[in-house]
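Residue-level structural notes
The residues making up each chain are set out below.
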Amino acid sequence: MESLWRKQTNNIPTNKSTLTAISDNQAYDIIVIGAGLAGILIAFYLQEQGKKVLILEADEIASGQSERTTAKITSQHGLKYDKLMKDIGVEGARLYARANEAAIKEYEQLIEQLDIDCQFEKLPAYLYTLLETEPLKREAQAASTLGIDAYFTQETELPFPVTGAVCFRNQAQFSPLKFMQHISAKLQILEHTKVIKIKGNRVITEDRAFGADKIVVATHYPLLNLPGFYFLRQHQERSYCLALSGCGNINGMYYGIDQDGLSFRQAGDYLILGGGSHRTGENTSGGKYDYLFQKAKQYFPDCREEARWSAQDCMPHDGIPFIGKYSLFTPHLYIATGFQKWGMTSSMLAALILRDELCGFTNPYASLFSPQRLNFRAGLKNLLSDMAISIKGLLKGWLGKPSKRCPHMGCALTWNPDEESWDCPCHGSRFDKSGNLLDNPAKIDKR
Ligand SMILES: Cc1cc2nc3c(=O)[nH]c(=O)nc-3n(C[C@H](O)[C@H](O)[C@H](O)COP(=O)(O)OP(=O)(O)OC[C@H]3O[C@@H](n4cnc5c(N)ncnc54)[C@H](O)[C@@H]3O)c2cc1C
């Protein structure tokens, strides 16, 4: 199912003139694996510093989650700041807020400087509830304390009454593929080049090998299980989107915090309605698109469905992305993952933090996002519950008699009737009904 962005944007052409020059023997300063928003931004900022960068992409540019996002560029990451202040303290939470606000500004400057036509718009972002307002009042207070221009309100333009909302001013939205089309134009990207393993400073694909001083893994879900143990430190969650016509205009971006809460944003003449979130592998009864369409008809009786799609993202155990060294034992290897459905600002942050780390500059946010951090207080409960689900899936896969088993680690796959896919509840790999790989961490088809 094609996203609205894909319908509106032609395939992104690679820089063919430079590709002919790429040979296995060439030495690169940096190889970036994955040409999603994170990989492309990381490569863009490193190349700007004069680094010789090559991107290796298994499929095509922006063919992963980045073409299926809702593309809100915001520091409003659900109910975040009140919890972060409790989990990691006021200074840590302030850094998180500043980093994400800085990422929004960086987009604005870059888009203006390069004159990128990508429907970039500055808008307010709202979290809303139909229930208890106390959590939102606390969130508004926490965000303001941390320096975000935020306030509590009961007035929104949504087509139903809310009991409360938190507004963050000066947020933004854009068309992700139009943006990526522009900034990838001068990068060297080898498409249809799947990386199978990394051996020291060599990146091994299905039929070639490339060398670089440093390697950045931007494959959405990390490519290697070990070292790093990312499969223990995050899980994947999936959500669904409809693009609708005939709904009128919404001038802000909205995100419901209640169970079954909905996400709204305008994209030109269309309204994007999102929701139906669940852990990947836990949608055996289906009905997610039907639910969204029923809500759409309830609120906008004249609406028509123009596109439908779904996507998933990595949810880190402590609610903070992993950006930095892949592990303590691999000084040449870097990672950007765990964007928790807020990968627009997180990809920009990853690009700026990794540019600084790889070019020897100091970055004020590097330690907060360091994959080597130990936030036991924030993450232990989620870590244990993720482990319990994975162990259950593994036991079911190995001891039971499931018809389908994931090639990643052997967990039992479950059927997702909305996408007609086999999904893994342990780590989130997905396969179409013929067994072809749709989403990593698995690297091969299911046969
Ligand atoms: C429904 C939904 C809505 C969202 N809405 C928002 C939003 O409004 N705002 C926001 O900030 N974030 C949002 N997000 C999150 C955001 O879309 C993601 O975090 C972001 O797109 C991830 O980008 P990425 O580059 O890490 O991954 P991807 O775009 O998936 O890129 C990874 C690339 O790596 C390639 N790859 C994988 N394995 C290999 C390999 N072995 N060799 C070579 N290449 C490989 C893939 O083919 C892919 O192209 C949303 C997420 C979901 C699920």
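Structural data are supplied above this passage.
Remember, predicted model here, so these are calculated numbers, not experimental data. (Residues numbered from 1 in each chain as written. Predicted model: local features only at pLDDT ≥ 70, side-chain atom pairs only at ≥ 80, totals over all residues. Heavy atoms only, no water.)

1. A short note on the pattern of salt bridges
Inspection of the entire model under this criterion finds 18 salt bridges. In this structure, the salt-bridge partner of Glu67 is Arg6, at a minimum N-O distance of 3.0 Å. Highlighted residues: Glu67 in the loop between β2 (53-56) and β3 (72-73) and Arg6 in helix α1 (residues 4-8), separated in sequence by 61 residues. Where Arg68 meets Glu67, a salt bridge forms, and the shortest distance between an N and an O atom there is 3.9 Å. When salt bridges that share partners are traced, they join Arg238, Asp423, Arg430 and Asp439 into one network. (Salt bridge = Lys/Arg side-chain N within 4 Å of Asp/Glu carboxyl O. Helix = DSSP H or I, 4+ residues; strand = E, 2+ residues; numbered from the N terminus.)

2. Some details on unusual backbone geometry
Phi is mostly negative for residues that are not glycine, and the peptide bonds are mostly trans. Of note, the amide linkage connecting Leu226 to Pro227 takes the cis form, showing an omega dihedral of -5°. With respect to the secondary-structure elements, Pro227 resides in the loop between β10 (209-217) and α7 (230-233). Asn440 connects to Pro441 through a cis peptide bond whose omega is 25°. Its place among the elements puts Pro441 in the segment after β21 (437-439). With a phi close to 50°, His192 is a non-glycine residue in the positive phi region. Turning to its location among the elements, His192 is positioned in the loop between β7 (189-190) and β8 (195-199). In this structure, Glu420 takes a positive phi of about 50° despite not being glycine.

3. With respect to the sheet that holds β21
Here we have four strands laid out as an open sheet, ordered β18-β19-β20-β21, and antiparallel in their pairing. Of all strands in the sheet, those with a lone pairing partner are β18 (414-416) and β21, marking the two edges. Shown here is a sheet whose adjacent strand axes are inclined to one another by a mean of 35°, direction ignored. Note that β18 and strand β19 (residues 421-423) share three bridges and pair antiparallel. If you follow Asn416 over to β19, its bridge partner there is Ser421. (Pairing = 2+ DSSP bridges. Axes fitted to C-alpha atoms, helices over the stretch in contact; angles between N-to-C directions.)

4. Structural notes on empty space enclosed by the protein
A complete count under the given rule lists one cavity of 30 Å³ or more for this structure. Looking at the largest cavity, its volume works out to about 50 Å³. Lining the largest cavity, in full, are Lys72, Thr74, Gln76, Gly78, Ala125, Tyr126, Leu127, Met253, Tyr254, Tyr255 and Trp342. If you list the elements that add at least two residues to the lining of the largest cavity, you get β4 (121-129) and β12 (253-256). (1 Å grid on protein atoms, 1.4 Å probe; cavity = no way out; pocket = protein on both sides within 12 Å on 5 of 7 lines; lining within 4 Å. Points joined across faces, edges and corners; volume = space filled by probe spheres on them.)

5. Some details on the layout of surface pockets
Any empty space left between the atoms is revealed when a probe the size of a water molecule rolls over them. Computed from the structure, the second largest pocket encloses a volume of approximately 380 Å³. Gly228, Phe229, Arg233, Pro371 and Leu374 are, among the 20 residues lining the second largest pocket, the residues nearest its centre. Contributing elements (two or more residues each) for the lining of the second largest pocket: α7 and α11 (376-399). The leading source of residues in the lining of the second largest pocket is α11, at four residues.

6. Things to note about the state of the cysteines
Taken as a whole and judged by the stated rule, the model has one disulfide. Here Cys411 pairs with Cys426 through a disulfide, and the sulfurs are 2.2 Å apart. Between Cys411 and Cys426 the sulfur-sulfur dihedral comes to about -100°; the bridge is accordingly left-handed. With a gap of 15 residues between them, Cys411 in the loop between α11 and β18 and Cys426 in the loop between β19 and β20 (430-432) connect regions that are remote in the sequence. For the pair shown, Cys411 and Cys426 are each scored as buried. Here Cys303 is not cross-linked by a disulfide; its sulfur's nearest cysteine counterpart is in Cys247, at 4.9 Å. (Disulfide = S-S within 2.5 Å. Buried < 20%, exposed > 50% of the residue type's maximum accessible area, 1.4 Å probe, protein only.)

7. Digging into the side chain of Ser346
Following the sequence through the fold, Ser346 ends up in helix α9 (residues 343-359). A relative accessible area of 1% places Ser346 in the buried class. Setting aside residues no more than four positions away along its own chain, Ser346 makes contact with Pro321, Ile323 and Phe339. (Contact = heavy atoms within 4.5 Å.)

8. What about the packing of aromatic side chains?
As enumerated under the stated definition, the model contains 18 aromatic pairs in all. When the centroid spacing of 4.6 Å and the interplanar angle of 40° are considered together, the rings of Phe160 and Tyr299 count as tilted. Taken together, the positions of Phe160 in the loop between β5 (150-153) and β6 (164-173) and Tyr299 in helix α8 (residues 288-299) put the pair 139 residues apart, joining distant regions of the chain. Neither residue differs from the other here; Phe160 and Tyr299 are each classed as buried. In textbook terms, an aromatic cluster arises when at least three aromatic residues are bridged by ring pairs, as seen for Tyr81, Tyr96, Phe168 and Phe369. In this arrangement the basic side chain of Lys52 is found over the ring face of Tyr28, its NZ or CZ atom lying 5.1 Å from the centre. A cation over an aromatic ring shows up here: Lys137 above the ring of Phe152, its NZ or CZ 5.3 Å from the ring centre. (Phe/Tyr/Trp six-rings, centres within 6.5 Å; stacked < 30°, edge-to-face > 60°. Lys NZ or Arg CZ within 6 Å of the ring centre and 35° of its normal.)

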